[in-house]
Amino acid sequence: MATLEQSSSELGTMKDEVGAVTAARRRRVVVGALIMAAVLLLSGWVLIRAVDPDGRGASGAGFTYRGDFYALSSAEVRPDRLGDVLDEQVPFQDTTTEVRRILGVSPDVAVAARLSPPEVGSGQGEQTWLLLSPAPDLAADPWSDRELSSVVQPQP
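First, a word on scope: everything that follows refers to the structure included in this document. Please read all numbers here as calculations on a predicted model, not as lab measurements. (Residues numbered from 1 in each chain as written. Predicted model: local features only at pLDDT ≥ 70, side-chain atom pairs only at ≥ 80, totals over all residues. Heavy atoms only, no water.)

Concerning the packing of aromatic side chains
Here's step 1: Taken as a whole, this structure holds 1 aromatic pair when the rule is applied.
Here's step 2: In this structure, arginine 100 packs its charged tip against the face of tryptophan 129, placed 5.0 Å from the ring centre. (Phe/Tyr/Trp six-rings, centres within 6.5 Å; stacked < 30°, edge-to-face > 60°. Lys NZ or Arg CZ within 6 Å of the ring centre and 35° of its normal.)

Section: the pattern of salt bridges
Here's step 1: Counted according to the given criterion, the structure contains 1 salt bridge.
Here's step 2: Across the salt bridge formed by aspartate 80 and arginine 78, the nearest N and O atoms sit 2.7 Å from each other.
Here's step 3: We classify aspartate 80 as partly exposed; its relative accessible area is 49%.
Here's step 4: For arginine 78, a relative accessible area of 26% corresponds to the partly exposed category. (Salt bridge = Lys/Arg side-chain N within 4 Å of Asp/Glu carboxyl O. Buried < 20%, exposed > 50% of the residue type's maximum accessible area, 1.4 Å probe, protein only.)

Considerations on the pairing of strand E1 (residues 62–65)
Here's step 1: Summarising the sheet, E1 and strand E2 (residues 68–76) pair through 4 bridges and their orientation is antiparallel. For phenylalanine 63, the partnering residue across the bridge sits in E2 and is tyrosine 70.
Here's step 2: The antiparallel pairing of E1 with E2 creates a hairpin that spans 2 residues between the two strands, and arginine 66 there sits at a positive phi of about 50 degrees. (Pairing = 2+ DSSP bridges. Helix = DSSP H or I, 4+ residues; strand = E, 2+ residues; numbered from the N terminus.)

Here is the structure:
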C-alpha cells in the first residue's frame, strides 16, 4: 500500500510540475503576444508620423530648412521681389543652394532658392529663383494665395 500511496504522491507532484511548466509557457506566450502588439502599434505610429498629412516629414522635391521641410514650387519668384540672403550652402539633393527672403513674405510662409545653375534663367542673364514653402498647398499653387500671387511670375 505504501508503494501505491507513494506512486500516487509522485503522480500528483508530476502533475503539479507539468501544470507549472504549462502555466509558465502560457505566461511567456501572453508576454510575447503583448510585446508583438506593442511593436506593431509603435511601427504603425511611426509610419503615420512619416506620412503626416500636414507635410511634416514629407518626401518629395524640396529641402529641410531651419527644421521644417520646404516643398518646392514650380513658380518663379519675380526678381524685383527677392530680398536678402537668409542662408548659404543649404543642402539640396547632391548640391547646395542659397536661400533668400521674399520681400513682403515671412520666411515662415515661403522663401526663394536658386535650384538651377546660375546660367539658367527666365531671360536676359537673370537667375531662376523658385518659391518653396513649408505649406505643401501653397507650394503647389501659390497663385491661389493673395500674398504669394503678387511675388511670383504669372501662372503659365
